[in-house]
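# Understanding the architecture of this molecule
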Amino acid sequence: MKGIVFSEFIEMVEDKFSPEIADQIIQSASGRLKTGGSYTSVGVYDHIELVELVKELSAVSNIPVDDLVTTFGVHLAGRFSVLYPTFFEGVTSTLDFLESVDNHIHIEVKKLYPGAELPEFKTERNGSQLIMEYSSTRPFSSLAKGLIEGSGLYYGETLEVEAEDLSKGLGNHMRFTITRV
Ligand code: HEM
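Residues numbered from 1 in each chain as written. Predicted model: local features only at pLDDT ≥ 70, side-chain atom pairs only at ≥ 80, totals over all residues. Heavy atoms only, no water.

## Description of the overall build of the protein
Heads up, the condition is: Labels follow the DSSP assignment, with helices taken as runs of H or I lasting at least four residues and strands as runs of E lasting at least two, numbered in each case from the N terminus. Based on C-alpha atoms, the radius of gyration is set beside the globule rule, defined as 2.2 Å times the residue count to the power 0.38. Only protein chains enter the calculation, and the probe is 1.4 Å; a residue is then buried if its accessible area is under 20% of its type maximum, exposed if over 50%, and partly exposed in between. Any two residues whose heavy atoms approach within 4.5 Å at even a single point are treated as in contact. All accessible-area figures derive from a Shrake-Rupley calculation using a 1.4 Å probe, and residue coverage is judged against the displayed protein chains alone.
Check the secondary structure of the protein and you find seven helices and four strands. Each helix and strand of the protein, placed in order from N terminus to C terminus, yields the pattern α-α-α-α-α-α-β-β-α-β-β. Its C-alpha radius of gyration of 16 Å places the protein within 12% of the 16 Å reference for a compact globule of 181 residues. Viewed in the frame of its principal axes, the protein has a C-alpha envelope of about 50 × 35 × 30 Å. Classification of the 181 residues of the protein by burial places 45% in the buried group. Counting only contacts in the protein whose residues sit at least 6 apart along the sequence, the fraction spanning at least 24 positions is 59%. If you sum the accessible surface of the protein, you get close to 9400 Å²; carbon and sulfur atoms cover 52% of it.

Okay, structure coming up:
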């Protein structure tokens, strides 16, 4: 997983919790982290390290892991809109933007970063409703949920997001039904 995802996660912990808590979770997870918890935005690291850091944050904050990962997804959508504005500016609504993730954005991301490990989304559009079926070899459906919600915030639209787990709790296969209300 790209280092940018790790550095954005640690920045979010520093901002939403505190720099001390960010240090504390890195410290307590470090025995289980090959990197010992030091990341650069150009590096590539095992996604398990992110899972370990989130587990530590969950233990410290008493907030469930899935909720923390979704909050991180919302944060990441905001950061992507600053770092990669053209993907957002090219379309005018959340559903059009989300529809473009699989067949445009992630394809461009893969060209920029050939080593990027990206999920797959199958989409079906019916007017103000979009079905997005997430599948990945990694367990980040909660991240996808947060990225969907964060995209709605960017376009200032209200969305209802229903999630149907197709992974028996593994978090790597989920059907999202997104309705603009
Ligand atoms: C401008 C918008 C976007 C950019 C630039 C972008 C880029 C990226 C990058 C760089 C990664 C990390 C790949 C790696 O570490 O190897 C990633 C992963 C991911 N992206 Fe996107 N993305 C965007 C929008 C979205 C949206 C809107 C969604 C959800 C609907 C999404 C879902 C995901 C998920 C769930 C992952 C984690 C990897 C996995 O689940 O297998 N992305 N994306």
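## A short note on the nonpolar core
Threshold: Nonpolar cores are built from buried Ala, Val, Leu, Ile, Met, Phe, Trp, Tyr and Cys residues. Side-chain atoms within 4.5 Å join them into one set. Domain delimitation follows an automatic or database domain assignment.
Of all hydrophobic cores here, the largest spans 46 residues; its most connected members are Phe9, Leu50, Leu53, Phe72, Met132, Phe176 and Ile178. Considering each element in turn, this core owes the most residues, seven residues, to helix H1 (residues 3-16). When residues of this core are assigned to domains, at least three map to each of domain 1 (3-63) and domain 2 (93-180). Once residues lying within four places of it in the same chain are set aside, the contact partners of Leu53 are Phe6, Phe9, Ile25, Ile26, Ala29, Leu33 and Tyr39.

## A look at the site of the ligand
This is how it is decided: To be near a molecule or strand, a residue needs just one of its heavy atoms within 4 Å of it. In protein, a polar contact requires one atom able to donate a hydrogen and another able to accept it; more generally it is a pair of N or O atoms within 3.5 Å, and residues adjacent in sequence count only if both atoms are side-chain atoms. In this classification, Asp, Glu, Lys and Arg are treated as charged, Ala, Val, Leu, Ile, Met, Phe, Trp, Tyr, Cys and Pro as nonpolar, and every other residue, Gly included, as polar.
As a matter of local geometry, the ligand sits amid 28 residues, with Lys2, His106, Glu117, Tyr134 and Ser136 nearest to it. Residue Lys2 places a main-chain N or O atom 2.5 Å away from an oxygen atom belonging to the ligand. Of all elements in the fold, only helix H5 (85-89), helix H6 (94-112), strand E2 (129-135) and helix H7 (141-155) reach the threshold of two or more residues within the shell around the ligand. Per-element tally for the shell around the ligand: the top contributor is H6, with six residues. Of the residues assigned to the shell around the ligand, the class counts are 22 nonpolar, three polar and three charged.

## Focus: the environment of Ile21
Mapped onto the fold, Ile21 is located in helix H2 (residues 19-29). Sequence separation between Ile21 and Leu57 is 36 residues, and the spatial gap between their C-alpha atoms is 8.0 Å. In this structure, Ile21 is in contact with Val13, Leu57 and Val60, ignoring residues within four places of it in sequence.

## Examining the domain arrangement of the protein
The assigned domain composition of the protein is domain 1 (3-63) and domain 2 (93-180). Just the C-alpha atoms count here: the centres of domain 1 and domain 2 sit 24 Å apart.

## Observations concerning the packing of H2 against helix H3 (residues 47-61)
This is how the line gets drawn: Only C-alpha atoms enter the line fits that serve as axes; for helices the fit covers just the stretch in contact. Angles between N-to-C directions range over 0 to 180 degrees. Should an angle fall under 35 degrees it is taken as roughly parallel, and over 145 as roughly antiparallel, whereas 65 to 115 is taken as roughly perpendicular and any remaining angle as oblique. With the far helix as reference, a near helix turned anticlockwise by less than a right angle produces a left-handed crossing, and one turned clockwise produces a right-handed crossing.
Put simply, H2 and H3 touch, their axes get as near as 9 Å, and they point 120 degrees apart. Relative to H3, the element H2 is oriented oblique. You can see that H2 and H3 cross each other, and the crossing is right-handed. The segment H2 lies against H3, with Ile21, Gln24, Ile25, Ile26, Ser28 and Ala29 engaging Glu52, Leu53, Glu56, Leu57 and Val60. Along the lines of polarity and charge, the residues of the contact of H2 with H3 split into seven nonpolar, two polar and two charged.

## Some words on the sheet that holds E2
Heads up, the condition is: A pair of strands counts as paired when DSSP detects no fewer than two bridges linking them.
Judged by pairing direction, the sheet is antiparallel, and its four strands sit side by side in the order E1-E2-E4-E3 without closing on themselves. Each edge of the sheet is formed by a strand with only one pairing partner; in this case those strands are strand E1 (120-126) and strand E3 (159-165). Each strand axis lies, on average, 15 degrees off the axis of its neighbour in the sheet, ignoring direction. Across seven bridges, the pairing between E1 and E2 is antiparallel. In the sheet register, Glu120 faces E2, and the bridge partner there is Ser135. Of the strands in this sheet, E1, E2, E3 and strand E4 (173-180) touch H6, which is tilted by about 145 degrees from E1. Lying on the sheet, H7 is in contact with E1, E2, E3 and E4; it crosses E4 at an angle near 15 degrees.

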